[in-house]
Structures are given as structure tokens and as C-alpha cells.
Amino acid sequence: MGAKIKKGDLVQVITGTKQDKGGDKGKQGKVLKVFTETNRVLVEGINRVTKHTKVGQSQRGTKTGGIEQVEAPIHVSNVALVDPETKKPTRVGFRVETVEKDGVAKTVRVRYSKATGKDI
């Protein structure tokens, strides 16, 4: 089964607190990782949380750890794929096409934008 959102896709947050109130709604970012077992995605620059890590030293003596900002996973239902042409969020559909390569017909599932009908 093909996934509607994959690693490397540009997505937009469609739910949550608005940006003027400190939230992420309306922000766009690239998908860094997809967690299929929990239906969550890790999006670049979205859902940043403060993480406290134990302070230590590396081999060269530089300090590591402290307080850092990292991205946390967000549920896949809270993001929508961005159409490459219109730069707006769109729903994703699948179309089965037959492709002929070296004289052999093969069926391929293709993702397409429901708004424009173009392939993604």
C-alpha cells in the first residue's frame, strides 16, 4: 500500500494553534522521517520542543548537552501535502497507470493532487 505522505515531501500544518499565538498552523516544512507504526511524521521546523540533555564532555573537551530545541513528531492527520504548482495544501489520490518498459506492461500506482489533478 502506498503512503500519502512520504519522506522528502513538502507539507503544511492544517490544525493547531495559529502562528500569531505561538503555534505552527499554516507553517510549511519538509518531512524528515515517517513513523508508519504510530502514523506520525517528523517535519523540519515544526513542533519544536525544548529538550534537556545531560551536560558532558566530548573527546576534545568541548561541552555537550544542555537545553536544545528539537523537532517532535506530529500526527499525519494534522498535516497536508503541498501541491508543487499552487503551493497550497491539497488532498492526495492514487491512480493506477500501466507503463510499458522494454515491451513489458507494468501497473504503477501514482500519487496525484486532487485539487489540480496533476501527478506529484
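You'll find the protein chain entered in an unreviewed UniProt entry as Large ribosomal subunit protein uL24, with Sinomonas puerhi given as the organism. Note on the protein chain: under the UniProt heading Subunit (unreviewed entry), the record states "Part of the 50S ribosomal subunit." Quoted verbatim from the Sequence similarities (unreviewed entry) field of the UniProt record, the comment on the protein chain reads "Belongs to the universal ribosomal protein uL24 family."

Peer 1: It is not clear to me how the sheet that holds strand β6 (residues 74-75) should be interpreted in this structure. Could you clarify?
Peer 2: Strand order in the open sheet formed by six strands is β6-β3-β2-β1-β7-β8, and the pairing between neighbours is antiparallel. Strand pairing shows two members of the sheet lacking a second neighbour, β6 and β8 (89-90), which therefore form its edges. Where strand β2 (residues 28-35) and strand β3 (residues 40-43) come together, four bridges link them in antiparallel fashion. Bridge pairing links Val-31 to Val-43 in β3.

Peer 1: For this particular structure, what's the right way to read the environment of Gly-66?
Peer 2: Considering the arrangement of structural elements, one finds Gly-66 in strand β5 (residues 63-71). A sequence separation of eleven residues divides Gly-66 from Val-55, and the C-alpha atoms of the two residues are 5.5 Å apart. Apart from the residues within four sequence positions on either side, Gly-66 is in contact with Lys-51, His-52, Thr-53 and Val-55.

Peer 1: I'm lost on unusual backbone geometry in this one. Help?
Peer 2: A negative phi angle is the norm for most residues apart from glycine, just as the trans form is the norm for most peptide bonds. In the Ramachandran plot, Lys-87 falls in the positive-phi region, its phi being about 60 degrees despite a non-glycine side chain. Of note, the phi angle at Asp-102 is positive, near 55 degrees, even though the residue is not glycine. Secondary-structure assignment places Asp-102 in the loop between β9 (92-101) and β10 (104-113).

Parameters and conventions
- Residues numbered from 1 in each chain as written.
- Predicted model: local features only at pLDDT ≥ 70, side-chain atom pairs only at ≥ 80, totals over all residues.
- Heavy atoms only, no water.
- UniProt positions renumbered as here; feature names shortened; annotations may be inferred.
- Pairing = 2+ DSSP bridges.
- Helix = DSSP H or I, 4+ residues; strand = E, 2+ residues; numbered from the N terminus.
- Contact = heavy atoms within 4.5 Å.

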